[in-house]
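What follows is each chain in one-letter form.
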Amino acid sequence: MNRAECLAADRADPLRRWRDEFILPRGRIYLDGNSLGPLSRTGRARLKAVIEREWARDLIQSWTKNGWVDGSTRIGAKIAPLIGAKPAEVIVADSTSVNLFKALAGALALRPERRVIVSERGNFPTDIYMAEGLAKLLGQGHELRLVDGDVTAALGPDVAAVMVTEIDYRTGARHDMAAVTRAAHEAGALTIWDLSHSVGAMPIALNRAAADFAVGCGYKYLNGGPGGPAFLFVAARHQDGFVQPLSGWLGHADPFEFASAYRPARGILRAICGTPPVLSMAALEAGVDLMRKIDMKTLRAKSLALTDLFIARVEERCAGHGLVLATPREHARRGSQVSFRHKDGYAIVQALIARDVVGDFREPDFMRFGFAAPYLRFVDVFDAAEHLRAVLESGEWKRAAFRKKRKVT
Ligand SMILES: *Cc1c(COP(=O)(O)O)cnc(C)c1O
């Protein structure tokens, strides 16, 4: 597509109207919605209302009067259709890391005779670290079996749980959720899916895949705000037997009984621990409300068209500069990001940011570009590839300032 064709594609885009719902700095091409989604107009209004009306005026009465007390289940139920779950199977609480800990602990308790947790060596580090920490804490000899490539090759009679991130955070490669879950179940293992890079970016069908547990992030494609809470899915069939170790008071059957012994609540409520972060929940709810209005099939089609376009433009315009595509070309195997590898990837990304084209970098050499279909235009993708070409052709990335590693890359 040339630039005029991109502009025409934007005019014909069925998602065109959603861009105006987001607050995007003028002139910036934001390709980092896979790491921190932007603020929406409704999110800003909602936060203002929660601060000024609910917190400042209604104070403690807000827990019931303004529905704070039911936020975890209410927002969980709203996320459910985005991930192919039933409303009573999803709850919002804590962070992705903490939810993963709870889900994995619950899965291991359901397979007491098995001792192996299978995951990918390239999985997002927090998932691996949390599993390591849990295994050590349990002190029952659980072993983390990390594999390169196909996780199902590591299945066996000793495997309790398979822990996979649906979309790889570095390459943007997508796992076949149904196939991996089927293989895990055939081997007698349970699955824990991390949906951090898929939720809000494509349709997800947890129940159709018969997934057991899932966690996911609220501040990426759901636009729930920095540090916003995460969600946890427990399939209905596992809820009665779900035992998680962070048995806080709000997961108790009757928190305001203030009983001295813990009795888990029925259903998904037992998955929560303590008091929810109300301000962050409000921001997340606004983000989720917005995403629920967007048809996920339409969004996925646009996301694939945007990533196709970026791959094609970069390969055409940046040839000869040593960029290596790390993202699968096959649609079914791709998430909503495109990554290129380059040994100077960090400096190149910094030079792009200086041009107001915001992507990010992941060790050792991945330049990541996320494509959030609700607000990105085809012309943004076109222009981003032109900026990348300019950065490479001019060599401006070689400036010393672009090589200095920051704390957040
Ligand atoms: C972003 C991300 C997380 C984030 O975990 P936090 O606990 O919210 O910091 C976890 N897992 C994956 C796969 C992610 O992409």
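Heads up: the structure comes first, above all this text.
Keep in mind it's a predicted model, so treat the numbers as computed, not measured. (Residues numbered from 1 in each chain as written. Predicted model: local features only at pLDDT ≥ 70, side-chain atom pairs only at ≥ 80, totals over all residues. Heavy atoms only, no water.)

Peer 1: Would you take a moment to explain the site of the ligand for this structure?
Peer 2: What surrounds the ligand is the set Ser95, Thr96, Ser97, Phe124, Thr126, Asp127, Thr165, Asp194, Ser196, His197, Tyr219 and Lys220. Residue Ser95 places a side-chain N or O atom 3.5 Å away from an oxygen atom belonging to the ligand. With respect to the ligand, the side chain of Ser97 contributes an N or O atom lying 2.6 Å from an oxygen atom. Protein coverage of the free-state accessible area of the ligand, which is 390 Å², stands at 87%. When grouped by side-chain class, the residues that make up the shell around the ligand number two nonpolar, seven polar and three charged. (Near = heavy atom within 4 Å. Polar contact = N/O pair within 3.5 Å; in protein donor to acceptor, adjacent residues only side chain to side chain. Areas by Shrake-Rupley, 256 points an atom, 1.4 Å probe, with all protein chains shown as cover. Nonpolar A, V, L, I, M, F, W, Y, C, P; charged D, E, K, R; others polar.)

Peer 1: When you look at the sheet that holds strand β6 (residues 190–194) in this model, what are you seeing that I'm missing?
Peer 2: Consider a sheet: its strands pair through backbone hydrogen bonds, and that pairing is either parallel or antiparallel. Strand order across the open sheet formed by seven strands is β2-β8-β7-β6-β5-β3-β4, with mixed pairing between neighbours. Each end of this open sheet is capped by a strand with a single partner; those strands are β2 (90–93) and β4 (143–147). Averaged over neighbouring strand pairs, the angle between their axes works out to 20 degrees when direction is ignored. As judged from the four bridges shared by strand β7 (residues 213–216) and strand β8 (residues 230–234), these two strands associate in the antiparallel manner. Looking at β8, one finds that Ala214 is bridged to Phe233. (Pairing = 2+ DSSP bridges. Helix = DSSP H or I, 4+ residues; strand = E, 2+ residues; numbered from the N terminus. Axes fitted to C-alpha atoms, helices over the stretch in contact; angles between N-to-C directions.)

Peer 1: Quick question: what am I supposed to make of unusual backbone geometry here?
Peer 2: Peptide bonds are, in most cases, trans, and in most cases residues other than glycine have a negative phi. In this structure, Pro364 follows Glu363 across a cis peptide bond, with omega equal to 0 degrees. Tracing the sequence through the fold places Pro364 in the loop between β12 (360–362) and β13 (366–370). At Asp94, a position not held by glycine, the phi torsion is positive, near 50 degrees. Here Asp94 shows up in the loop between β2 and α5 (96–110).

Peer 1: Could you clarify how one ought to interpret the pattern of salt bridges in this entry?
Peer 2: Two side chains carrying opposite charge are able to pair once their charged atoms lie near each other. Tallied over the full model, the rule gives 31 salt bridges. One salt bridge connects Glu54 with Arg46, and the closest N-O pair in it is separated by 3.4 Å. Of the residues examined, Glu54 reaches a relative accessible area of 5% and is grouped as buried. Assessed through its relative accessible area of 26%, Arg46 is described here as partly exposed. (Salt bridge = Lys/Arg side-chain N within 4 Å of Asp/Glu carboxyl O. Buried < 20%, exposed > 50% of the residue type's maximum accessible area, 1.4 Å probe, protein only.)

Peer 1: I would appreciate a short explanation of the sheet that holds strand β10 (residues 337–341) in the present structure.
Peer 2: Reading across the sheet, the four strands line up as β9-β10-β13-β12 and stay open at both edges, with antiparallel pairing between neighbours. The sheet terminates laterally at β9 (324–325) and β12, the two strands that pair on one side only. The pairing of β12 with β13 spans three bridges and is antiparallel. Paired with Asp360 across the bridge in β13 is Arg368. Helix-sheet contacts for helix α10 (residues 296–317) involve β9, β10 and β13, and the interaxial angle to β10 is about 25 degrees. (Contact = heavy atoms within 4.5 Å.)

Peer 1: In this structure, what is going on with the side chain of Lys78? I would like to understand it.
Peer 2: Tracing the chain through its elements places Lys78 in helix α4 (residues 71–83). A relative accessible area of 19% means that Lys78 is categorised as buried. When sequence neighbours within four positions are dropped, the list of residues in contact with Lys78 reads Glu285, Val288, Asp289 and Arg292.

Peer 1: Before we go on, may I ask you to explain the pairing of β7 in this structure?
Peer 2: If a strand is regular, its side chains alternate between the two faces of the sheet. Residues of β7 alternate between two faces, with Phe213 and Val215 on one and Ala214 and Gly216 on the opposite face, all of them buried. Summarising the sheet, β6 and β7 pair through three bridges and their orientation is parallel. Along β7, the bridge assignment pairs Ile192 with Phe213.

Peer 1: Would you take a moment to explain the nonpolar core for this structure?
Peer 2: Side chains of nonpolar character tend, in soluble globular proteins, to be buried together. Among the nonpolar cores identified, the biggest contains 86 residues, and Ile83 and Phe310 are the most heavily contacted of them. If we skip the residues at most four places from it in the chain, Ile83 touches Val90, Leu195, Val199, Ile204, Ala205, Leu206, Phe231 and Phe233. By size, the runner-up hydrophobic cluster in this structure holds 26 residues, among which are Leu134, Leu190, Phe213 and Leu250. (Core = buried A, V, L, I, M, F, W, Y, C linked by side-chain atoms within 4.5 Å.)

Peer 1: Sorry, what's going on with the environment of Ile268 here?
Peer 2: Along the chain, Ile268 turns up in the loop between α8 (236–239) and α9 (278–292). A relative accessible area of 7% places Ile268 in the buried class. Leaving out residues up to four positions away in the same chain, Ile268 has contacts with Ala88, Glu89, Val90, Ile91, Leu232, Val234 and Gln239.

Peer 1: When you look at the packing of α10 against helix α12 (residues 378–394) in this model, what are you seeing that I'm missing?
Peer 2: Each pair of packed helices gets described by two things: the angle between the helix axes and the distance between those axes. Relative to each other, α10 and α12 sit at 25 degrees, their axes nearing to 9 Å. In terms of orientation, α10 lies roughly parallel with respect to α12. In this structure, α10 meets α12 at a crossing whose hand is right-handed. Facing Lys302, Ala305, Leu306, Leu309, Phe310, Arg313, Val314 and Arg317 of α10, the residues of α12 in contact are Phe378, Val381, Phe382, Ala384, Ala385, Glu386, Leu388 and Arg389. Looking at side-chain class alone, the contact of α10 with α12 contains eleven nonpolar, no polar and five charged residues. (Parallel < 35°, antiparallel > 145°, perpendicular 65-115°, else oblique. Left-handed = near helix turned anticlockwise from the far one by under 90°.)

Peer 1: Hey, could you run me through α5 in this one?
Peer 2: Turn by turn, an α-helix covers 3.6 residues, leaving residues three or four places apart pointing in a common direction. In a regular helix each residue adds 1.5 Å, so 15 residues correspond to 21 Å; α5 covers 21 Å between its end C-alpha atoms and thus fits that length. Within α5, twelve of the 15 residues are buried, leaving the element largely enclosed by the surrounding structure. Regarding α5, the residues found buried are Thr96, Ser97, Asn99, Leu100, Phe101, Lys102, Ala103, Leu104, Ala105, Gly106, Ala107 and Leu108. (Expected span 1.5 Å × (residues − 1).)

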